[in-house]
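Below, each chain spelled out in residue letters.
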Amino acid sequence: MDTIDLHTHSTFSDGTFTPLQLVKYAEEKGLKAFAITDHDTTEGIKEAKSIETNVEVISGVEISTRYDKKEIHIVGLYVNENDADLNKQLKYYREKRVTRNFEILEKLNSLGVDITIDDVKESCTGDVISRAHIAKALVSKGFVGSYTEAFDRYLGDNKCAYVPRETLNYEESMELITKAGGVPVLAHPLYKMSDTNLENMMVKLRQKGLKAVEVYYSTHSNSDTQHVMAMANRVGLIYSGGSDFHGATKPKIDMGTGMGKLAVPYEILEKIRGERNG
Ligand code: AMP
Ligand code: MN
Ligand code: MN
Ligand code: MN
């Protein structure tokens with residue numbers, strides 16, 4: 001069976017493979033197509049597309065959004081990476097992230113935790129600095145005993161050094177993706193909520209332009225996949241799927257095969273292509 005991977009990250013966000021290395025690795029893995037879907041940026045796509053290859057390289061993006069105060073991720077497939085409006089919006093939210101990191105560090109410093117942005121950058125492989133990197137720096141500087149403790153004591157939602165992040169809402173993100181010629185996909189859909197709420201969310205997202213849902217995903221069991229497929233069928237969404245490959249950032253997850261059992265069939269891509277531009 002021909003297989004694909006519609007969810008991967010490069011060094012332009014928090015992955016450890018450059019876009020060129022991703023293309024080479026997709027070839028090595030025998031994938032027929034893969035999408036580069038960095039967090040809140042399309043900047044790595046040009047590099048991935050600059051090389052001759054038999055693998056279809058799909059332009060994508062993964063946008064962090066809000067739904068009912070919860071963070072949910074929307075992947076856009078086949079977006080035009082040169083779309084001015086999309087790139088302007090993504091840049092605005094990336095810059096907000098930088099300000100927010102300094103606010104978190106200020107809070108930590110005022111609590112007597114003497115940590116700087118340079119300490120944080122040391123644990124950062126990609127271009128996006130998140131709470132994950134601040135947590136790693138807190139561990140390596142000895143302020144906490146573990147990564148989990150960094151979140152439990154300081155960085156977790158509503159803990160003493162927490163600063164909320166400004167993001168797009170789900171309607172805006174899907175509109176941006178659609179206007180940039182892309183197909184909006186609900187990423188890793190098993191969010192922490194009841195099945196009823198999840199299905200209701202999919203219905204609402206579909207009304208605002210959602211087209212597909214990641215039924216195939218690295219951490220899904222076979223029954224998770226069946227469960228999400230049934231939900232997608234009821235709601236009227238088509239299937240997508242990918243590993244969420246990050247290289248060494250998530251060492252248990254491999255491109256294409258996820259945690260060993262993942263296999264995303266090439267056939268689903270035909271339907272996704274059919275959803276482009278309306
Ligand atoms: P950010 O995008 O800066 O809000 O940071 C999100 C990152 O922090 C993600 O990589 C999460 O895996 C990680 N993260 C968020 N909350 C927790 C938590 N309570 N425990 C462990 N990791 C967390
Ligand atoms: Mn990531
Ligand atoms: Mn995600
Ligand atoms: Mn991802």
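Computed from a predicted structure; not experimentally measured.

(A) Focus on the nonpolar core. If you look at the biggest cluster of nonpolar residues, it comprises 50 residues, and the most contacted ones within it are Leu 6, Ile 72, Leu 186 and Leu 205. Here this core takes five residues from helix 9 (residues 222–235), the largest share from any one element. Each residue touching Leu 6, except ones within four places of it in the same chain, is listed here: Ala 35, Thr 37, Ile 58, Val 75, Leu 77, Glu 214, Ser 240, Gly 241, Gly 242, Ile 268, Leu 269 and Ile 272. Within the second largest apolar cluster, 20 residues are counted, among which are Ile 104, Val 113, Ile 129 and Val 144.

(B) Examining the site of ligand 1 more closely. Surveying the vicinity of ligand 1 reveals the residues Arg 97, Arg 100, Ser 130, Arg 131, Ala 132, Tyr 147 and Phe 151. In the model, an oxygen atom of ligand 1 is placed 2.7 Å from a nitrogen or oxygen of the Arg 100 side chain. Backbone polar atom of Arg 131 to an oxygen atom of ligand 1: 2.9 Å apart, as the coordinates give it. Within the complex, the protein chains bury 61% of what would otherwise be the 500 Å² of accessible surface of ligand 1. Secondary-structure elements contributing two or more residues to the shell around ligand 1 are helix 3 (84–110), helix 5 (131–140) and helix 6 (147–155). Grouping the constituent residues of the shell around ligand 1 by class yields three nonpolar, one polar and three charged.

(C) A look at the coordination of the manganese ion (ligand 3). Glu 62 (OE), His 73 (ND1) and His 188 (NE2) make up the full set of protein donors to the manganese ion (ligand 3), lying at 2.1 to 2.2 Å. Coordination of the manganese ion (ligand 3) draws on donor residues from a single chain, spaced E-x10-H-x114-H in sequence. Metal-to-metal, the separation of the manganese ion (ligand 3) and the manganese ion (ligand 4) is 3.6 Å; Glu 62 coordinates the two. In this pair, Glu 62 is assigned in strand 3 (residues 56–67) and His 73 in strand 4 (residues 70–77), connecting sequence segments 11 residues apart. You can call Glu 62 buried: its relative accessible area is 0%. Looking at His 73, the relative accessible area reads 12%, which means it is buried.

(D) Highlighting the pairing of strand 6 (residues 183–186). Where burial is concerned, the two faces of strand 6 agree: the one with Val 183 and Val 185 and the one with Pro 184 and Leu 186 are both buried. Sheet topology places strand 6 next to strand 7 (residues 212–217); two bridges connect them, and they run parallel. Among the inter-strand pairings, Leu 186 is bridged to a residue of strand 7, identified as Val 213.

(E) Region of the structure containing the packing of helix 3 against helix 5. Orientation of helix 3 relative to helix 5, taken along the N-to-C sense of each, is 30°, at an axis distance of 11 Å. Considered as vectors, helix 3 and helix 5 are oriented roughly parallel to each other. Note that helix 3 runs across helix 5; the crossing there is right-handed. Touching Arg 100, Asn 101, Ile 104, Leu 105 and Leu 108 of helix 3 are Arg 131, Ile 134 and Leu 138, all from helix 5. In the contact of helix 3 with helix 5, the residues fall into five nonpolar, one polar and two charged.

(F) Structural context of the environment of Gly 156. With respect to the helices, strands and loops of the structure, Gly 156 is situated in the loop between helix 6 and strand 5 (168–169). Separated by 21 residues in the primary sequence, Gly 156 and Ala 135 have C-alpha atoms spaced 9.8 Å apart. Not counting chain neighbours up to four residues away, the residues in contact with Gly 156 comprise Arg 131, Phe 151 and Tyr 162.

Cut-offs and rules
- Residues numbered from 1 in each chain as written.
- Chains lettered and ligands numbered in written order.
- Predicted model: local features only at pLDDT ≥ 70, side-chain atom pairs only at ≥ 80, totals over all residues.
- Heavy atoms only, no water.
- Core = buried A, V, L, I, M, F, W, Y, C linked by side-chain atoms within 4.5 Å.
- Buried < 20%, exposed > 50% of the residue type's maximum accessible area, 1.4 Å probe, protein only.
- Helix = DSSP H or I, 4+ residues; strand = E, 2+ residues; numbered from the N terminus.
- Contact = heavy atoms within 4.5 Å.
- Near = heavy atom within 4 Å.
- Polar contact = N/O pair within 3.5 Å; in protein donor to acceptor, adjacent residues only side chain to side chain.
- Areas by Shrake-Rupley, 256 points an atom, 1.4 Å probe, with all protein chains shown as cover.
- Nonpolar A, V, L, I, M, F, W, Y, C, P; charged D, E, K, R; others polar.
- Donors = N, O, S within 2.8 Å, 3.2 Å for Na, K, Ca; no water.
- Pairing = 2+ DSSP bridges.
- Axes fitted to C-alpha atoms, helices over the stretch in contact; angles between N-to-C directions.
- Parallel < 35°, antiparallel > 145°, perpendicular 65-115°, else oblique.
- Left-handed = near helix turned anticlockwise from the far one by under 90°.

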